[in-house]
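An overview of the molecular structure
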Amino acid sequence: AMDMCGMGKESNDPEDALIKNPWLTTITISRTDGEEACKGALVSEYFIITAAHCFNVDDEAHLISVKIGRSLNKVEKVIFHPNYNINAKKAEGINEFYDYDIALVKVKSKVKFNPEARPICIPCTEGTTRALRKVHPDTTCKDHEDELLNVNVGIVPAIFIAQKRKHEDLERKNVKIKTGDKKHACNRDALEASIYKNVVKNVKDVVTERFLCTGGIDPVVDDNTCKGESGGPLIITKKKRYIQVAVISWGVYDLCKGGERHGQSPPFARDFHLNLFQVLPFLREHLKEELKFLP
Ligand SMILES: CO[C@H]1CCN(Cc2c(C)cc(C)c3[nH]ccc23)[C@H](CO)C1
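Summary of the structure given here.

As for unusual backbone geometry
- For the bond from Asp218 to Pro219, the omega torsion is 15°, close enough to zero to count as cis.
- Within the element layout of this structure, Pro219 appears in the loop between β9 (211–215) and β10 (233–238).
- Notably, Lys240 is not glycine yet its phi reads approximately 60°, a positive angle.
- By the element assignment, Lys240 lies in the loop between β10 and β11 (241–251).

Concerning the site of the ligand
- What surrounds the ligand is a group of 18 residues, the closest being Ile195, Tyr196, Thr225, Ser230 and Gly251.
- Measuring from a nitrogen atom of the ligand, one finds a backbone N or O atom of Gly251 at 3.2 Å.
- Starting from 490 Å² of accessible surface for the ligand in isolation, the protein chains cover 94%.
- Looking at the shell around the ligand, the element that brings in the most residues is β11, giving four residues.
- Class assignment of the residues belonging to the shell around the ligand gives a composition of nine nonpolar, five polar and four charged.

Notes on the packing of aromatic side chains
- Tallied over the entire structure, the rule returns seven aromatic pairs.
- Seen from their ring centres, Tyr196 and Trp250 are 5.5 Å apart, and the 85° between their planes marks the pair as edge-to-face. Taken as a pair, Tyr196 in the loop between α4 (183–188) and β9 and Trp250 in strand β11 lie far apart in primary sequence, 54 residues in all.
- Residue classification places Trp250 among the buried residues on the basis of a relative accessible area of 6%.
- Note on Trp250 and Phe272: the rings are 4.3 Å apart at their centroids and 20° apart in plane angle, and the pair reads as stacked. Placement of the pair is Trp250 in strand β11 and Phe272 in strand β12 (residues 270–275), with a sequence separation of 22 residues.

As for the nonpolar core
- By size, the foremost hydrophobic cluster in this structure holds 70 residues, and its most contacted members are Val245 and Leu283.
- Other than its neighbours up to four places away in sequence, Val245 contacts Pro123, Leu148, Leu149, Ile177, Leu212, Leu234, Ile236, Leu274, Asn275, Leu276 and Phe277.
- Counting 16 residues, the second largest nonpolar core, distinct from the first, contains Ala193, Tyr196, Val200 and Val252.

A short note on the environment of Ile120
- Here Ile120 lies in the loop between β6 (103–107) and α2 (126–131).
- Residue class for Ile120 comes out buried when judged on its relative accessible area of 2%.
- In this structure, the C-alpha to C-alpha distance between Ile120 and Arg241, residues 121 residues apart in sequence, is 8.7 Å.
- Setting aside anything within four residues of it in sequence, one finds Ile120 in contact with Cys5, Gly6, Trp23, Ala41, Leu42, Val43, Pro233, Ile235, Tyr242 and Gln244.

Thresholds, definitions, all that
- Residues numbered from 1 in each chain as written.
- Predicted model: local features only at pLDDT ≥ 70, side-chain atom pairs only at ≥ 80, totals over all residues.
- Heavy atoms only, no water.
- Helix = DSSP H or I, 4+ residues; strand = E, 2+ residues; numbered from the N terminus.
- Near = heavy atom within 4 Å.
- Polar contact = N/O pair within 3.5 Å; in protein donor to acceptor, adjacent residues only side chain to side chain.
- Areas by Shrake-Rupley, 256 points an atom, 1.4 Å probe, with all protein chains shown as cover.
- Nonpolar A, V, L, I, M, F, W, Y, C, P; charged D, E, K, R; others polar.
- Phe/Tyr/Trp six-rings, centres within 6.5 Å; stacked < 30°, edge-to-face > 60°.
- Buried < 20%, exposed > 50% of the residue type's maximum accessible area, 1.4 Å probe, protein only.
- Core = buried A, V, L, I, M, F, W, Y, C linked by side-chain atoms within 4.5 Å.
- Contact = heavy atoms within 4.5 Å.

Structure follows, in structure tokens:
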């Protein structure tokens, strides 16, 4: 049925990029000094989840467009998380503070779902309960979090989508979310970031409770994000269904500086993703007309 979230055609043909990832969107902001592009995930007929840092406060809606499937959509408005402020810690010498790095982009006209444009599942919605085939109907949001971000296991496999070259072909990248005792080592590497080195005293000043951490070489060598993947979904797959658990926010090291992926990531290359379970009030408030949220 068209109303099922997190569906994607299983295919190895790179030509099928769009129907394999029908929820992946590209957001383009045209400014006087050039264009900025970010990724986003379609979550309902009007909304895309992306990163707040993709936008400047003075970006006007008419300069933003979103590619969903093959169609270019006009934007009605961008809703920033109220607690997002990249300049919040400038006084402490922290030039970029990514806490609450999430925004909702509302498109002007309702998206007509089709095999190349379909929503991803997000936590604590009935769609995700169905996707997880949770037997008892009174499944709670906590059940989703326990199943998806299992802390006892400590390492949770996840994927994100990277654009190989300029044109369409997309490829899936594999990472492990460090939810257990490897989480601290993962978070600590944030201080290797050029702009945090010698400035940040403790990790928690920049890696807040809102973030999930991936990357590094322990237990296996993870893929790393590039700046251009900002705003894209961090996805957990269950039974061939795709559930977004976080938004790609920032990384310690940009593999694609100036263009395509190149070279080898250093072991301290970690990526930080805005955990959707940490911003549920924001999601409920703005998506309640279109998605049924659980208690
Ligand atoms: C704290 O200092 C760093 C913050 C952000 N980094 C840029 C960046 C952004 C903005 C977003 C995503 C997804 C990135 N993936 C990899 C790098 C990267 C630069 C390092 O390149 C400096």
